[in-house]
Amino acid sequence: MSSEEIINKTIIFVKETLADAEGGHDWFHTLRVFNNSLLISKNESVDTFVVSLGALLHDIADSKFHDGDETIGPRIARKFLFDLNVDSTVIEHVVNIIENISFKGGNEIQKFKSIELDVVQDADRLDAIGAIGIARCFNYGGFKNRALYNPEIAPNLNMRKAEYKSSIAPTINHFYEKLLLLKDKMNTKAGKRIATERHVYMLGFLDQFYSEWHGEK
């Protein structure tokens, strides 16, 4: 089976698997990450086959929707690729991308490094910022029935992974606990350039939000 055929089968599998997923982590999120990964890859020396599979399978079973279990996604991806007779080294690389792509509070030490992971991670983080990032943030906050904003609850910038994953803080806090931190955590030149533009957009949104909140506009 050719690489193109494997990628096409992966697309079909992911679309079917995520058919009923939460709006911020659905097939369209995966598609945006896939497209951004290919865009970033144009300026990097990478294995585009690994990048493509990593991007398509990175959220096949997000732990947020599986009681925090981080093993399900890698396990599903491994079995799917194994059944397609994908080379074992490619499978291990893709699984490593899935296991190490997540933000997890921003304080965890990444246990695996590759330029392919850098590319997919940047693409995933780009989808968490800017206009779409804002939309996804509030969509998930609504999904979890969180308050929009509570000035009495300050953002926690020193959370470990367990705290981050169990947080029930207002949605606005997530901007300070993750979204506004991503610009300085990008890996690639293209990722940094795009992230800078989206970061500025989020700052403008927050200024407008607070002005409206306080009745200033």
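Scoring rules and cut-offs
- Residues numbered from 1 in each chain as written.
- Predicted model: local features only at pLDDT ≥ 70, side-chain atom pairs only at ≥ 80, totals over all residues.
- Heavy atoms only, no water.
- Helix = DSSP H or I, 4+ residues; strand = E, 2+ residues; numbered from the N terminus.
- Expected span 1.5 Å × (residues − 1).
- Buried < 20%, exposed > 50% of the residue type's maximum accessible area, 1.4 Å probe, protein only.
- Contact = heavy atoms within 4.5 Å.
- Core = buried A, V, L, I, M, F, W, Y, C linked by side-chain atoms within 4.5 Å.
- Phe/Tyr/Trp six-rings, centres within 6.5 Å; stacked < 30°, edge-to-face > 60°.
- Salt bridge = Lys/Arg side-chain N within 4 Å of Asp/Glu carboxyl O.
- pLDDT = per-residue confidence, 0-100.

(A) Region of interest: helix α6 (residues 115-126). Along its twelve residues, α6 runs 16 Å from first to last C-alpha, staying within 8% of the 16 Å computed at 1.5 Å per residue. Buried residues dominate α6, accounting for eleven of its twelve residues. Every buried residue of α6 is listed here: Glu-116, Leu-117, Asp-118, Val-119, Val-120, Gln-121, Asp-122, Ala-123, Asp-124, Arg-125 and Leu-126. On its buried side, α6 packs onto α2 (27-41), α3 (48-57), α5 (88-100) and α10 (189-213).

(B) View of α10. For α10, with 25 residues, the first-to-last C-alpha span of 36 Å sits near the 36 Å given by 1.5 Å per residue. What α10 keeps buried is the set Ala-190, Gly-191, Ile-194, Ala-195, His-199, Met-202, Leu-206, Phe-209, Tyr-210 and Ser-211. Here the buried face of α10 lies against α2, α6, α7 (130-143) and α9 (171-177). Gly-215 sits one or two positions beyond α10 and adopts a positive phi of about 70 degrees.

(C) Spatial organisation of the nonpolar core. Core analysis: the biggest nonpolar cluster contains 53 residues, and Leu-53, Leu-57, Leu-81, Val-86, Val-94 and Phe-175 have the highest contact counts within it. Sequence-distant contacts of Leu-53, defined by excluding residues within four places in its chain, comprise Ile-6, Ile-7, Thr-10, Leu-81, Val-90 and Val-94.

(D) Summary view of the packing of aromatic side chains. Tallying each qualifying case throughout the model produces eleven aromatic pairs. Plain terms: the ring middles of Phe-13 and Phe-80 are 4.2 Å apart, the flat faces sit at 10 degrees to each other, and that makes the pair stacked. Of this pair, Phe-13 sits in helix α1 (residues 3-17) while Phe-80 is found in helix α4 (residues 72-83), placing the two residues 67 residues apart along the sequence. When its relative accessible area of 12% is taken as the criterion, Phe-80 is described as buried. Between Phe-205 and Phe-209 the ring centres are 6.1 Å apart and the planes differ by 40 degrees, which places this aromatic pair in the tilted class. Linking Phe-205 with Phe-209, this pair stays in helix α10, spanning four residues, or about one helical turn. Residue classification places Phe-205 among the partly exposed positions, given a relative accessible area of 25%. Taken together, the ring pairs connect Phe-138, Tyr-149, Phe-175, Phe-205, Phe-209, Tyr-210 and Trp-213 into an aromatic cluster.

(E) Structural context of the pattern of salt bridges. For the coordinates displayed, the defined rule picks out six salt bridges. Taking the shortest distance from any N to any O, the salt bridge between Lys-183 and Asp-184 comes out at 3.0 Å. Take Lys-183: its relative accessible area is 25%, and that puts it in the partly exposed class. Members of the salt-bridge network, linked through shared partners, are Arg-32, Asp-127 and Arg-136.

(F) A look at the side chain of Thr-30. Along the polypeptide, Thr-30 turns up in helix α2. Not counting residues within four places of it along the chain, the set of residues in contact with Thr-30 comprises Val-14, Leu-18, Ala-55, Leu-56, His-58 and Asp-59.

(G) Fine view of the environment of Pro-74. Here Pro-74 is to be found in helix α4. Sequence spacing of Pro-74 and Glu-92 is 18 residues, and the spatial spacing of their C-alpha atoms is 9.6 Å. Pro-74 has contacts with Val-95, Ile-98 and Glu-99, leaving out every residue within four places of it along the chain.

(H) The arrangement of the confidence of the model for the chain in detail. For the chain, per-residue confidence averages 90 on the pLDDT scale, and 90% of positions sit at 70 or higher. Confidence, read as mean pLDDT per element, is least for helix α8 (residues 161-166) in the chain (64) and greatest for α3 (98).

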